[in-house]
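# Tertiary structure, described
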Amino acid sequence: MPDKQRILAEVQSKLPEFLAQEGLPMSEAINGLEQVAHASSHAGQGHERLWQAMHQTMPEPLQSSYYAWVLKGKIYLDAAWEARGDGWARDVTERQWKLMGARLSVARESLDKAWQLNPRDWRGPTLMLGVMLLDGSPDEEREAWFERAMKNNTNNTQACFRK
């Protein structure tokens, strides 16, 4: 097992202990989950297995929160980019387009659910702009999600970049 995979497996194995700390602020729990998700997606770990492992690791209040849906949306958005690849659109195969579309569908549903649960959070709408960048959503829909992202965080440079 390459060092990157070994280190990631060790970090993931310690995640339940980290999340179980008494008095751990929710913001730190969320930050820890985001860091592990980011590292895992860049290490080529399977997105479904990653999502299931992370969801099972979360403390119960977090499992049923809007944030769980945001995290799932992020994992599947990253997986959609991975499926598409980073080459020119003309070089993307039919299989890659289909796989990307399936993963974007899960990301879209997850981020929409997150928005329904917490319309005051900016993370979901910002990630939804990434989904729309890939799936070619209509301008009116992108603008609505952009406004949601900016309303909830007026310094949201990520939303501006994705628009």
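Keep in mind that what you see is a predicted model, and the values were worked out from it rather than measured.

## Concerning the pattern of salt bridges
- Using the criterion set out here, one finds seven salt bridges in the structure.
- Between Arg108 and Glu141 there is a salt bridge whose closest N-O contact spans 2.8 Å. Taken as a pair, Arg108 in helix H6 (residues 94-117) and Glu141 in helix H8 (residues 139-152) lie far apart in primary sequence, 33 residues in all.
- As a salt-bridge pair, Arg123 and Asp121 come within 2.6 Å of each other at their nearest N and O atoms.
- Residue classification places Asp121 among the buried residues on the basis of a relative accessible area of 7%.
- Linked through salt bridges whose partners overlap, the residues forming this network are Arg108, Asp135 and Glu141.

## So, the nonpolar core
- Core analysis: the largest hydrophobic core is formed by 39 residues, its most contacted members being Leu33, Met54, Leu71 and Ile75.
- Elements supplying a minimum of two residues to this core: helix H1 (3-19), helix H2 (26-42), helix H3 (47-57), helix H5 (66-84), H6, helix H7 (123-135) and H8.
- Here this core gets nine residues from one element, more than from any other, and that element is H5.
- Residues within four places of Ile75 in sequence aside, it is in contact with Ala37, His47, Leu50, Trp51 and Met54.

## Some points on H6
- Under the 1.5 Å per step criterion, the end-to-end length of H6 is 35 Å for 24 residues, consistent within 8% with the ideal 34 Å.
- Those residues of H6 that fall on the buried side of the exposure criterion are Met100, Arg103, Leu104, Ala107, Ser110, Leu111, Ala114 and Trp115.
- Along its buried surface, H6 packs onto H3, H5, H7 and H8.

## Focus on the packing of aromatic side chains
- Applying the stated criterion to the full structure yields one aromatic pair.
- With a centroid separation of 5.8 Å and 65° between ring planes, the pair formed by Trp115 and Trp145 is classed as edge-to-face. Within this pair, whereas Trp115 is found in helix H6, its partner Trp145 is found in helix H8, the two being separated by 30 residues in sequence.
- Exposure remark for Trp115: the relative accessible area of 16% places this residue in the buried category.
- Geometry around Trp145 places Arg148 over its ring, the cationic atom sitting 4.3 Å from the centre.
- Here the guanidinium or amino end of Lys163 rests over the ring plane of Phe146, the centre of that ring lying 4.4 Å away.

Criteria and cut-off values
Residues numbered from 1 in each chain as written. Predicted model: local features only at pLDDT ≥ 70, side-chain atom pairs only at ≥ 80, totals over all residues. Heavy atoms only, no water. Salt bridge = Lys/Arg side-chain N within 4 Å of Asp/Glu carboxyl O. Helix = DSSP H or I, 4+ residues; strand = E, 2+ residues; numbered from the N terminus. Buried < 20%, exposed > 50% of the residue type's maximum accessible area, 1.4 Å probe, protein only. Core = buried A, V, L, I, M, F, W, Y, C linked by side-chain atoms within 4.5 Å. Contact = heavy atoms within 4.5 Å. Expected span 1.5 Å × (residues − 1). Phe/Tyr/Trp six-rings, centres within 6.5 Å; stacked < 30°, edge-to-face > 60°. Lys NZ or Arg CZ within 6 Å of the ring centre and 35° of its normal.

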